[in-house]
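# Fold and contact review
Listed here are the chains, written in short residue letters.
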Amino acid sequence: FDQIETEIDVLTMRSDLAPLPASRDEVLALEDVYESDAMVYLSEECTESNFKRVAPNYGILHIASHGLVDDYSPLYSSIAFTKENSEDGFLEVREIFNMVLNADLAVLSACKTGTGHSLNGEGILGLTRAFFTAGVPSVVSSLWNVADVSTRDLMIEFHTYLRDGERPAIALQKAQIYLIHNTPYDSPIFWAPFKLSGDSE
């Protein structure tokens, strides 16, 4: 997404395809956290086809982008990528259902990725469910619109704890506590939307 020259507003949300300058900082910081084990795609490289091609090869998937929820047709809820000739740039639930992923964890660092359409006897149909169906046992997702800058800080802490050996649930809890005590983002609007679903180990 296009960079902006004005000062970053802490309440820039990861929805509506607005510029997300902090998401770039987020994934570059994760490259430092995981060093040679990380493969990072930015800007024009961050395409839907690149994700589909390389995602099956990694144990942790982290997407910092826009989450788009379709309440009426949940199979079309999506995560935004860079548009390209061969793909429309929106990785939809129905497409993720057809993928085979080998990751232990997917982190959906975007708005409302943990929401969806509730089906009787089936639960919530949305992006989290799609990654479960594709074979990922644990998914970090969000319950409402998330702010760009505070989400960056939360995710860097989360992955640092994860790298140092904490279980995903504990790593997320510690990252949330870090935000409360060490940043201006102590309001629950910033740290509380993210949850871990699935296997907490």
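These numbers were taken from a predicted model, which means no experiment stands behind them. (Residues numbered from 1 in each chain as written. Predicted model: local features only at pLDDT ≥ 70, side-chain atom pairs only at ≥ 80, totals over all residues. Heavy atoms only, no water.)

### Some remarks on the side chain of Glu92
By the secondary structure assignment, Glu92 is in strand β4 (residues 90–92). Excluding residues within four positions of it along the chain, Glu92 makes contact with Leu75, Tyr76, Ser77 and Ser78. (Helix = DSSP H or I, 4+ residues; strand = E, 2+ residues; numbered from the N terminus. Contact = heavy atoms within 4.5 Å.)

### Brief notes about the sheet that holds strand β8 (residues 138–142)
One open sheet accounts for four strands, arranged β1-β5-β8-β9; its pairing is mixed. Two strands close off the open sheet at either side, each with one partner strand: β1 (60–64) and β9 (194–198). Each neighbouring strand pair of the sheet contributes to a mean axis angle of 15°, computed without reference to strand direction. By the bridge criterion, five bridges tie β8 to β9 in an arrangement that is antiparallel. Paired with Val140 across the strands is Leu196, a residue of β9. Where helix α1 (residues 21–34) meets the sheet, its contacts fall on β1 and β5 (105–109), and the angle it forms with β1 comes to roughly 160°. (Pairing = 2+ DSSP bridges. Axes fitted to C-alpha atoms, helices over the stretch in contact; angles between N-to-C directions.)

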